[in-house]
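Breakdown of the fold
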Amino acid sequence: HLEWLKLPQYDSDGKPGGPGLDPTQRHKKGVGADGGSREGPEADRIREAVVLGNTKAEALPQETTIYCFRGRDGLTPHLNGEIYWQPWDEKTQSSFTADDTSRFDLRFSCALKGGDIECRKGNWGSDKRVIENFFGRIAYHLFFSTRKNSVRSKDHAFKESWLLSEMLRRSLAPLVKGNAVQFANGAATAPLASALAPSRLLDAPAPSKQERGRYKIFTYW
């Protein structure tokens, strides 16, 4: 139901009859069925929270225009995010052969061609697919419904051999030279490990107007 909040007029709580129980979930019958007290400070706080939760979403002004990013501009280049976990060679800008299925998703064989990623195979099968403008999108919504990889630190995420790590490096470290990073906005060079650390990136001077297009927004779900 969170998706409905994008268009408040479709919120189920705004329908005739007011808010009701979520029909997709199981609910205990009767008030206080869990044996909890209905009186006292805790019960009062719960009632206040219920009143707040029942507040209807405000309708968007009639003059509001909503635009959607889709196709080559969409924030989800791949439906379920499996493509992000393929083994990726930073030098050749393509998939590389690996055998660690716990670390990588090995169903993909892709390479960067111009601004697009061309895949000879993927989780869809062996037919060729082209994902346009893969690294050029304004933002990326990272959600992984089928895999949950772990990293030892934030720094580790930047230095891994996933396609996802390449996305992080490109977006948060504009210029990488050898084993050091020179930020495009004139910040001093720093060793690669420390320069790619999130704390170092966040402390760097804000990018100039010309360089802002090099930075991306990542959202997680």
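Model, not experiment: these values are computed from the prediction.

Some thoughts on the overall build of the protein
Tallying secondary structure elements over the protein gives five helices and ten strands in all. In the protein, the share of contacts with a sequence separation of at least 24, taken over all contacts with a separation of at least 6, comes to 50%. With an accessible surface of roughly 15200 Å², the protein has 53% of that area assigned to carbon and sulfur atoms.

Some thoughts on the packing of aromatic side chains
Tallied over the entire structure, the rule returns five aromatic pairs. Look at F134 and F135: their rings are 5.1 Å apart centre to centre, the planes differ by 80 degrees, and that puts the pair in the edge-to-face class. Note on accessibility: F134 and F135 belong to one class, buried. Pairwise contacts between aromatic rings join Y84, F134 and F135 into one cluster. Stacked on the ring of F135, the Lys or Arg R170 has its end atom at 3.9 Å from the ring centre.

Some details on the side chain of S94
Relative to the assigned elements, S94 resides in strand β2 (residues 94-95). What makes S94 buried here is its relative accessible area of 14%. A polar atom in the side chain of S94 sits 2.8 Å from the side chain of T92. Apart from the residues within four sequence positions on either side, S94 is in contact with P87, W88, D89, C110 and A111.

A closer look at the pairing of strand β4 (residues 116-121)
Bridge count for strand β3 (residues 109-113) against β4 is five bridges, and the pairing is antiparallel. Residue pairing for β4: C110 is matched across the bridge by C119. Taking the residues that link successive antiparallel strands as the turn, the β3-β4 hairpin has two residues, and the phi of G114 there is positive, at about 65 degrees. Summarising the sheet, β4 and strand β5 (residues 129-131) pair through three bridges and their orientation is antiparallel. Counterpart to E118 in the pairing with β5 is V130.

Digging into unusual backbone geometry
Even without a glycine there, the phi angle at Q93 is positive, about 55 degrees. Position of Q93 relative to the elements: it lies in the loop between β1 (88-89) and β2. A residue is classified by how much of its surface remains accessible, and Q93, at 12% relative accessible area, is buried.

Some words on the pattern of salt bridges
Side-chain pairs of opposite charge can arise whenever the charged atoms involved come near each other. What the rule picks out here adds up to eleven salt bridges. A salt bridge links D44 to R47, with the shortest nitrogen-to-oxygen separation between them at 2.9 Å. Within this pair, D44 and its partner R47 are both found in helix α1 (residues 41-53), separated by three residues, close to a single helical turn. Using a relative accessible area of 37% as the deciding quantity, one classes D44 as partly exposed.

Section: the environment of H156
Looking at where H156 falls in the secondary structure, it is placed in helix α2 (residues 154-159). Of note is the side chain of H156, whose polar atom sits 3.1 Å from the backbone nitrogen of R152.

A short note on the side chain of N133
Assignment of secondary structure puts N133 in the loop between β5 and β6 (139-142). A residue is classified by how much of its surface remains accessible, and N133, at 14% relative accessible area, is buried. When neighbours within four sequence positions are excluded, N133 is seen to be in contact with R72, D73, G115 and D116.

So, the nonpolar core
I117, F134 and M167 are the most contacted members of the largest nonpolar core, which totals 18 residues. With three residues, helix α3 (residues 163-172) is the largest single contributor of residues to this core.

Definitions and cut-offs
Residues numbered from 1 in each chain as written. Predicted model: local features only at pLDDT ≥ 70, side-chain atom pairs only at ≥ 80, totals over all residues. Heavy atoms only, no water. Helix = DSSP H or I, 4+ residues; strand = E, 2+ residues; numbered from the N terminus. Contact = heavy atoms within 4.5 Å. Areas by Shrake-Rupley, 256 points an atom, 1.4 Å probe, with all protein chains shown as cover. Phe/Tyr/Trp six-rings, centres within 6.5 Å; stacked < 30°, edge-to-face > 60°. Buried < 20%, exposed > 50% of the residue type's maximum accessible area, 1.4 Å probe, protein only. Lys NZ or Arg CZ within 6 Å of the ring centre and 35° of its normal. Polar contact = N/O pair within 3.5 Å; in protein donor to acceptor, adjacent residues only side chain to side chain. Pairing = 2+ DSSP bridges. Salt bridge = Lys/Arg side-chain N within 4 Å of Asp/Glu carboxyl O. Core = buried A, V, L, I, M, F, W, Y, C linked by side-chain atoms within 4.5 Å.

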